[in-house]
Amino acid sequence: MLEIRNLTKVYDDGTVALKNVSFGVPDGEFLVVIGLSGSGKSTLLRCINRLIDPTEGEILWDGVDLAQLKGEELRMTRRKIGMIFQHFNLVKRSQVLTNVLSGRLGYTSTRRSLVGRFSKEDIDKAWVALKRLGIEDQALKRADELSGGQQQRVGVARALMQEPSMILADEPVASLDPVLAHSILQYLEMLNQEDKMTIICSLHYLDLVQRYSTRVIGLRDGEIVYEGSRADIQAMSDEEFKDIYGEEAERVGSGLEGALKVDEGGAA
Amino acid sequence: MNDKMNLNHKAENIRKPSWVPVPLAALFSLIIPGLGQIFARSIRRGILLFFSYATILGLLVWRFILAAPRDEGFADIVKKGWHLDPFLIIITILFILLHLWIVYDAYLLAKHRDRTPLSVFFVILVVFFALGWQIGQIDLVNMVTQADEALPALSRIAWPWIKAIEYDEDEIRAVANIEVPCPEDHDPPAANEVGNDPVIVTDLTCGILKEQDGTLGTILRLEGHNFIPGVDVNIMWADPINNEFRQRQGGEYVILIPDENGYFEFDIEMPYRLLPPSANEPTYIWELFALQIAAVGDAHLSQDFILVVEKMIETIFIGMMATFFGVIFALPVSFFAARNLMSASPVTLVIYYLVRGVLNIIRSIEPIIWAISAVIVVGLGPFAGILALVFHSIAALGKLYSEAIESIDPGPIEAIHATGANWVQTVIYAVIPQIIPPFVSFTIYRWDINVRMSTIIGLVGGGGIGFLLVQFIRILDYRSAGMCVWFIAITVAILDYVSAEIRARFV
Ligand SMILES: Nc1ncnc2c1ncn2[C@@H]1O[C@H](COP(=O)(O)OP(=O)(O)OP(=O)(O)O)[C@@H](O)[C@H]1O
Ligand SMILES: [Mg+2]
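J.: Sorry, what's going on with the pattern of salt bridges here?
T.: Pairs can form between side chains of opposite charge once their charged atoms are near each other. All names here are of chain A. Here the structure, examined in full by the defined rule, presents 31 salt bridges over all chains. The residue arginine 75 makes a salt bridge to glutamate 72 at a minimum N-O spacing of 3.0 Å. Of this pair, arginine 75 and glutamate 72 both sit in helix H2 (residues 71-79), separated by three residues, roughly a single helical turn. Note on arginine 75: relative accessible area 12%, which makes it buried. Glutamate 72 sits in the partly exposed class, given a relative accessible area of 47%.

What follows is the structure, given as structure tokens:
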């Protein structure tokens, strides 16, 4: 159970990115964060794994306040939180396998890292993860030789290597086309349902939100302006969505179901 | 600001009319080129034309004075200048044409305010081109007619390999003793016996020398046996105090060529030679000898060739050591010159600007100047060359490295950090993979440049093959110089290929 209490983030330049944000996320939830560009979605996600230090407030995860963690404790906690990025953030010139393995760094001693080695179990794990995401034949390529969709799957595999209990995904599909967007989100859904991982994901498209989320919060100017259950979202109309979201709101588009099925068939 | 629009000649953009009547504008420009344009309201054009005209005028005056430095008075200087350098006539004509063209331009401009004639700038360009031709002393005729004189030197440079091989030489020396003058109280020396070795035999073994007044010396019948067939034999003398000199006959040195049996014969007149005043013995033994220099044994690489190879190796290592030390120093420096690392606080930002500034200054000083300074400090030799290149390499690599650091993508660093990796692990897995390829690439590139440059540095005493090349050129040994040139070219080509290959692998 993750509980955010009165979270506030003021950047050095005075920008107030989050204002007194509070909400809870039960384990196993697929929480989608929506909101306009600049509403504070990335800031919120980065506060949870402390890539950004919150200015005020508590981030209670199973009773531990992440906001107070330092040093080793923080590292140990970060291992349990996977993160997926809009621009994949792979080390482009390294091998796919190395990129995936780097998800194990939190479990690897510095001495081992200095010589660039990973344990046999870790390497086996990496192959399992690659297989699970259907990119084992890309393992020995350089990361930047892969297509966008494949790169994001490497990103998911890297997060998977951490054996996390929670995955933060900051607009994981914003730089992908709709078919690939569905396929990546299906992997996240799989992790959510099969591996019981909590997913916190920011998204832009209403139909993706409706299709994958179990709960939604909406941010505007750093404040929560909407909270809804799965049922609420299913019932939501484009107009209501636009209300929270502003004019930028859009659907991925219709007519994709067919393409999607082909993709699913291919992946299976 | 409106220039861009004016070029478009849009109807709505017609400029305001001239301040003065059209003929007056032309007249003004006749007196002071550019003034007419200014009065026609094209002020910047007028100023531009005036300064172009003034510059050209200044250059022209300079060239005339340079051509006729001893003359005074305008007419004399011009006449002498035209006479000595007919090209100045062309420039003078062009210059007058330019003056008139500016007048014409003022006229056009004042009359048609909606148009911007460009032809005058073309004329200016032509005048500058003509001046450049004259100042550069370009002489195509000379170049073509003199080309064949350079041919012997060039052909030696182009194909120097005759000098790469040499043979051991053996000196065959056969001596016959001649007593001067013929003794009265004892027998003259015995004649040589003919055996299997090279030997010379004379019919007489004593005689008198030619006198200064032209009295003939004794004619000796000279026979040579067992010499190497077909190879020149020099006939020489050694006088009693062992000064050697060559036999001349009929004004020419006596050079004999043995026949296929190694035999030659010749009648020689004993030469004229002063004896020192201290000579007071009644007779002296003179040595008549035949000298044949012959190549023996197998061909082997010449001294010069070996020297060139040695210096080439030295050059490559000068480049390598310079790169090595350059990298060692540039690596830490580059972190201080990377903006993204140094923009955290005002203090670090000041350091950044300082380091950047110093690097830029060092880099803007040519390696050849560093080399000259280094030679003064540590003397001629490879170390001076290495020092010179190290300085330049630090500056150049420091800049390139720091730019590579600046272009690091922060995304992967954040991502690795988020997995729970510690600082060291983040550097190893997210920072180093990003900077190694550009670093390797720049380093190889630098090595390539340093080897090329070390040949140039050698010219001013920085060791290596450049130093050797200059020496060979100074003693007009074009063949050995040619070998240097060839080795430099081959090395540079190989290096070029290798460095391109390595860089292709890494980037
Ligand atoms: N490092 C920073 N320094 C100062 N202000 C920042 C910084 N990062 C973000 N901000 C500001 O904080 C606010 C929230 O930004 P954030 O990136 O969290 O928004 P977002 O919802 O993720 O937007 P997007 O959809 O464009 O990614 C914005 O006003 C942004 O300009
Ligand atoms: Mg964002």
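J.: Would you take a moment to explain the packing of helix H14 (residues 410-418) of chain B against helix H15 (residues 423-459) of chain B for this structure?
T.: The relative placement of two packed helices comes down to the angle between their axes together with the axis-to-axis distance. Residue and element names in this part refer to chain B. One can describe the packing of H14 onto H15 by two numbers: an axis separation of 9 Å at closest approach and a directional angle of 165 degrees. Judged by the angle between their axes, H14 and H15 are roughly antiparallel. Where H14 crosses over H15, the two elements pack in a sense that is right-handed. Two secondary-structure elements touch here, H14 through Pro412, Ile413, Ile416 and His417 and H15 through Thr426, Tyr429, Ala430, Val431 and Gln434.

J.: Would you take a moment to explain the pairing of strand E1 (residues 2-10) of chain A for this structure?
T.: Looking down a regular strand, the side chains alternate between one sheet face and the other. All names here are of chain A. Here six bridges tie E1 to strand E2 (residues 16-25), and the two strands are oriented antiparallel to one another. Within E2, the position partnered with leucine 2 by the bridge is valine 25. Hairpin connection from E1 to E2: five residues lie between these consecutive antiparallel strands, with glycine 14 at a positive phi of about 95 degrees.

J.: What should I look at first to understand the packing of helix H6 (residues 148-161) of chain A against helix H7 (residues 178-194) of chain A in this one?
T.: All names here are of chain A. Viewed as axis vectors pointing N to C, H6 and H7 meet at an angle of 15 degrees, and their least axial separation amounts to 10 Å. Comparing their axes, H7 and H6 come out roughly parallel. In this structure, the crossing between H6 and H7 has a hand that is right-handed. In this structure, H6 contributes Gly149, Gln152, Arg153, Val156 and Leu160 to the contact, and H7 contributes Leu180, Ile184, Tyr187 and Leu191. Residue classes in the contact of H6 with H7 are distributed as six nonpolar, two polar and one charged.

J.: How do you make sense of the interface of chain A and chain B when you look at a structure like this?
T.: Think of interface size as the accessible area that goes away when the parts come together; that is how it is often given. At the junction of the two partners, chain A supplies 31 residues and chain B supplies 22 residues. Interface area for chain A against chain B, summed over the two sides, is near 2,100 Å², with a carbon-plus-sulfur share of 58%. Sorting the residues of chain A by area buried against chain B places Val91(A), Arg93(A) and Leu105(A) first, and these three jointly supply 26% of that buried surface. Scanning the region where chain A abuts chain B turns up two salt bridges. When the shortest N-O distance is used, the salt bridge between Asp409(B) and Lys92(A) registers 3.4 Å. On the surface where chain A and chain B come into contact, there are eight residue pairs in polar contact (both at pLDDT 80 or more). For the side of chain A that touches chain B, the elements supplying multiple residues, two or more each, are H2, strand E6 (81-84) and helix H4 (110-114) of chain A. The residue inventory of the side of chain A that touches chain B, partitioned by class, reads nine nonpolar, 13 polar and nine charged.

J.: Even after reading the chapter, I still don't get the site of ligand 1, so can you show me in this structure?
T.: Residues and elements named next belong to chain A. Near ligand 1 lie 13 residues; those nearest to it are Ser37, Gly38, Lys41, Ser42 and Thr43. Glycine 38 has a polar backbone atom sitting 2.8 Å from an oxygen atom of ligand 1. Side-chain polar atom of serine 42 to an oxygen atom of ligand 1: 2.5 Å apart, as the coordinates give it. Isolated, ligand 1 exposes 630 Å² of accessible area, and the fraction of that covered by the protein chains is 62%. The element that contributes the greatest number of residues to the shell around ligand 1 is helix H1 (residues 41-48), accounting for three residues. Taken together, the residues that form the shell around ligand 1 break down as three nonpolar, seven polar and three charged.

J.: Would you explain the sheet that holds strand E3 (residues 30-35) of chain A in this entry?
T.: Sheets are built from strands paired through backbone hydrogen bonds, the pairs being either parallel or antiparallel. Residues and elements named next belong to chain A. On the basis of which strands lie adjacent, the open sheet formed by six strands has the order E6-E7-E8-E3-E9-E10 and mixed pairing. The sheet is open, and its two borders are formed by E6 and strand E10 (223-229), each paired with just one other strand. In this sheet, adjacent strand axes meet at a mean angle of 15 degrees when their direction is disregarded. As paired strands, E3 and strand E9 (residues 215-220) are joined by five bridges and run parallel to one another. The residue of E9 that forms the bridge with leucine 31 is arginine 215. Across the sheet, H6 lies against E6 and strand E7 (166-170), angled at about 170 degrees from E6, the strand it touches most.

Thresholds applied
Residues numbered from 1 in each chain as written. Chains lettered and ligands numbered in written order. Predicted model: local features only at pLDDT ≥ 70, side-chain atom pairs only at ≥ 80, totals over all residues. Heavy atoms only, no water. Salt bridge = Lys/Arg side-chain N within 4 Å of Asp/Glu carboxyl O. Helix = DSSP H or I, 4+ residues; strand = E, 2+ residues; numbered from the N terminus. Buried < 20%, exposed > 50% of the residue type's maximum accessible area, 1.4 Å probe, protein only. Axes fitted to C-alpha atoms, helices over the stretch in contact; angles between N-to-C directions. Parallel < 35°, antiparallel > 145°, perpendicular 65-115°, else oblique. Left-handed = near helix turned anticlockwise from the far one by under 90°. Contact = heavy atoms within 4.5 Å. Pairing = 2+ DSSP bridges. Nonpolar A, V, L, I, M, F, W, Y, C, P; charged D, E, K, R; others polar. Buried area = accessible area lost by both parts, 1.4 Å probe. Polar contact = N/O pair within 3.5 Å; in protein donor to acceptor, adjacent residues only side chain to side chain. Near = heavy atom within 4 Å. Areas by Shrake-Rupley, 256 points an atom, 1.4 Å probe, with all protein chains shown as cover.

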